[in-house]
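# Descriptive structure summary
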Amino acid sequence: MIPERLQPLFAETAEVAGRFAASGRRLFLVGGVVRDLIVNRLDERADLDFATEARPDETEEIVTGWADAVWTQGKRFGTIGFRKGRRIYEVTTFRAEAYAPESRKPEVEFADELEADLSRRDFTINAMALSVPGLSLVDPFGGVSDLAARRLRTPLDPSVSFTDDPLRMLRAARFVAGYAMVPEPDVTAAVEEFRHRLSIVSAERVRGELDKLMVVETPGPGLWFIVDTGLAAEFLPELPGLALEQDPIHRHKDVLAHTIAVVDNTSPDRLLRLAALFHDVGKPKTRAIGPGGVSFHHHEVVGARMTRERMQALRYPTDEIDTVSTLVELHLRFHTYQMGWTDRAVRRYVRDAGPLLGRLNELTRCDCTTRNATRAHALAMRMDDLERRIEELRAQEELDAIRPELDGRQVMKRLGIPPGPQVGRALAFLLDLRLDEGVLGAEEAGRRLDAWWAAQSAGA
C-alpha cells in the first residue's frame, strides 16, 4: 500500500520506471528528495534525481523518444538529464568514484550496486534511496534514524568524505541550520582538520552553497558552525574577523554575534540576507577608541568596498554585487532621521535607495538587536514615521521615479545649446530643484532653469 502523501510521486515516476524495468534495469530515487519525503518537506517543484545500474548510453536510449527534451552534458560523469512536461529529471549511473587529492573533479568509476553509490554520498541523511515504482526504502547507513535523532554523520569516515569533496564541509552548515542537525564529533573534527582543502573547490560552487545556507529559515547555527570550525576563514575571512566587542568598556554584544542575529532577523531573501551578513564588515578596519568610547566612523563606506571585493572573489554576478554593496553603504542613512528630515531629505533617501527601498528599510529594522526595549521601540517608531512620510509624499508626487521635470532634449531646445557637459549641469540643477521643492510643473521649472542659466552666463 502506497501512503497517500506519496501517491502523486508514485504516479509521476511510474512511467519512467516502467521504461527502465522493461529494459531490465532498476531505478531509484536518491538524494535530497528522499530525505525531504521522509520529513514531509518535499518541494513539489523540486527536480528528481535517480540512480540506476544502466550505463549512460543505455539511459539515453531508454528516455529518448519519450522525454520532451534530453541533454547529455553530464554524460561523462554518468548523468543524463531530461524533461517530461514541467518536471526535470536526472538519471545517474551508480558511481564509486574517488577524487584525486588535489582535484576538483572526480575520477568517475561506475558501479553495479546501489550501496556502493550511496556510500560515496555526503551524509547518511542523503544516502538513502527509494525504488520506483514500488517506493521501497533502501537505507544501508541509518539515515532515517539519524534524521530522527538530528545526528549529522557521513556514510564513510568523514576524513574520506571531505577529502573526496571538500564542499561537503560547507554543505554540513546548511544541514546544521536548515534541519537542526548536530554534527557528530568526528565530523566537526574532520572539518577543522581538512578545512584548508576548500581552496581546491571553485568559487562558483562555494558561492552556490553559501547562497543555499542564506535562504534557510534560520541560517545562524550554520554560520556559527563555519566560524567555530575555522571553515569561514577559508572563503569568508571577514566573518570571523567580526569577533570583536562593540564597546570593550561596557561589554556590549560583539559584532559577530550581532551580525548573525541580524541575518536571522531578516526574511529569507537571498540578497537581503547577504547584505545583513556583510553590513558591518567595515567595523574592524574603522574601529577607534577615544574619550567618548568606541567608534566606527564611515564603516558603511569601507564595508561596501569590502563587500564588493569579497563578492567578486566569489564570482557573484555584477548586478547582485551592486545590490548588496549598495544596501551595505546605505544601511546607516536612516539613523540621521532622529535629527529631523525635510521633505528634500526624504526624497533623496527614496531616490538613493531606488528599487532597494523595501530591502533597505527591512535591513534597518533588523539591524536593531538591542535588548533595551525603550531603544528598540524608539527606533521602530522612527522607521514607522519615515515610512508614513514616504507614503504621504508618494501620494502627492511620483516619488519612485524622481527625475528632472525637463528632459535633455527640452533643456537643449530651451537654452539653445548642443549636447555636452552643459546639458548635464542643467539637468543636475533641475534634479536638485525637484528634490528641494517637489513637483513645480514644466513651465515653472523652465522659468527657474532660465534664471539659473542667465546667472551661469553672467558668471562666465
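Residues numbered from 1 in each chain as written. Predicted model: local features only at pLDDT ≥ 70, side-chain atom pairs only at ≥ 80, totals over all residues. Heavy atoms only, no water.

Attention now goes to the overall build of the protein chain. Regarding its fold elements, the protein chain presents 22 helices and 13 strands. Whereas a compact globule of 460 residues would reach a radius of gyration of roughly 23 Å, the protein chain reaches 29 Å, over 25% beyond that. Over its C-alpha atoms, taken along the principal directions, the protein chain stretches across nearly 90 × 60 × 45 Å. Every one of the 460 residues in the protein chain was classed for burial, and the buried ones make up 47%. Averaging the locations of the 62 positively and 72 negatively charged side chains of the protein chain gives two centres separated by 4 Å. (Helix = DSSP H or I, 4+ residues; strand = E, 2+ residues; numbered from the N terminus. Rg over C-alpha atoms; globule rule 2.2 N^0.38 Å. Buried < 20%, exposed > 50% of the residue type's maximum accessible area, 1.4 Å probe, protein only. Lys, Arg positive; Asp, Glu negative; His and termini not counted. Charge placed at Lys NZ, Arg CZ, Asp CG, Glu CD.)

What follows concerns the sheet that holds strand β5 (residues 87-93). Taken in spatial order, the 7 strands of this open sheet run β3-β4-β5-β2-β1-β8-β9, and their pairing is mixed. Each edge of the sheet is formed by a strand with only one pairing partner; in this case those strands are β3 (69-71) and β9 (137-138). Across 5 bridges, strand β2 (residues 48-52) lies against β5 in parallel orientation. Its bridge partner being in β5, F50 is matched across the sheet by V91. (Pairing = 2+ DSSP bridges.)

Our focus in this paragraph is the pattern of salt bridges. Counted under the stated rule, the structure contains 36 salt bridges. The salt bridge involving E53 is made with R26; its shortest N-O contact spans 3.3 Å. One end of the pair, E53, is in the loop between β2 and α3 (56-63); the other, R26, is in the loop between α1 (7-22) and β1 (28-30), and 27 residues separate them in sequence. Among the residues examined, E53 registers a relative accessible area of 10% and is labelled buried. Between R448 and E444 there is a salt bridge, with its nearest N and O atoms 2.9 Å apart. Here E444 and R448 lie together in helix α22 (residues 442-459), a separation of 4 residues that amounts to about one turn. (Salt bridge = Lys/Arg side-chain N within 4 Å of Asp/Glu carboxyl O.)

Within the secondary structure, T259 is located in helix α12 (residues 255-265). Owing to a relative accessible area of 0%, T259 belongs among the buried residues under this scheme. Those residues in contact with T259, other than ones at most four positions away along the chain, are L242, A276, L277, H279 and D280. (Contact = heavy atoms within 4.5 Å.)

Turning our attention to the packing of aromatic side chains. What characterises a pair of aromatic rings is the spacing of the ring centres plus the angle enclosed by the ring planes. Inspection of every chain in the model, using the stated rule, returns 10 aromatic pairs. Seen from their ring centres, F123 and F162 are 6.4 Å apart, and the 65° between their planes marks the pair as edge-to-face. Pair noted here: F123 is in the loop between α4 (114-119) and β8 (129-131) and F162 is in helix α6 (residues 158-164), with a separation of 39 residues, a long-range link. There is no split in this pair, since F123 and F162 are both buried. (Phe/Tyr/Trp six-rings, centres within 6.5 Å; stacked < 30°, edge-to-face > 60°.)

The next thing to look at is the packing of helix α9 (residues 203-214) against helix α13 (residues 270-278). How two helices pack is summed up by the angle between their axes together with the distance between the axes. Packing of α9 against α13 leaves a shortest axis separation of 9 Å and a crossing angle of 95°. In terms of axis orientation, α9 runs roughly perpendicular to α13. Judged by residue contacts, L210, D211 and M214 of α9 engage R270, R273, L274 and L277 from α13. In terms of residue class, the contact of α9 with α13 is built from 4 nonpolar, no polar and 3 charged. (Axes fitted to C-alpha atoms, helices over the stretch in contact; angles between N-to-C directions. Parallel < 35°, antiparallel > 145°, perpendicular 65-115°, else oblique. Nonpolar A, V, L, I, M, F, W, Y, C, P; charged D, E, K, R; others polar.)

So, on to unusual backbone geometry. In this structure, P133 follows V132 across a cis peptide bond, with omega equal to 15°. Along the polypeptide, P133 turns up in the loop between β8 and β9. Within the chain, L135 stands out as a residue other than glycine whose phi angle is a positive 60°. Topologically, L135 is positioned in the loop between β8 and β9.

What follows covers the nonpolar core. If you look at the biggest cluster of nonpolar residues, it comprises 102 residues, and the most contacted ones within it are L29, L223, I226, F235, L239, L274 and L386. Sort the elements by how many residues they give to this core and helix α7 (residues 167-178) lands first, with 8 residues. Counting 11 residues, the second largest nonpolar core, distinct from the first, contains V411, V423, L433 and W452. (Core = buried A, V, L, I, M, F, W, Y, C linked by side-chain atoms within 4.5 Å.)

On to a nonpolar patch on the surface. Together, I38, V39, L137 and V144 make up an exposed nonpolar region whose accessible area comes to about 260 Å². On the secondary structure map, I38 appears in helix α2 (residues 32-38). (Patch = residues over 30% accessible without salt bridge, like charges linked within 9 Å, V, L, I, M, F, W, Y side chains within 5 Å. Areas by Shrake-Rupley, 256 points an atom, 1.4 Å probe, with all protein chains shown as cover.)

Mapped onto the elements of the fold, G220 is located in helix α10 (residues 220-228). Spatially, the C-alpha atoms of G220 and T259 are 9.4 Å apart, while their sequence positions differ by 39 residues. Leaving out residues up to four positions away in the same chain, G220 has contacts with I260 and D264.

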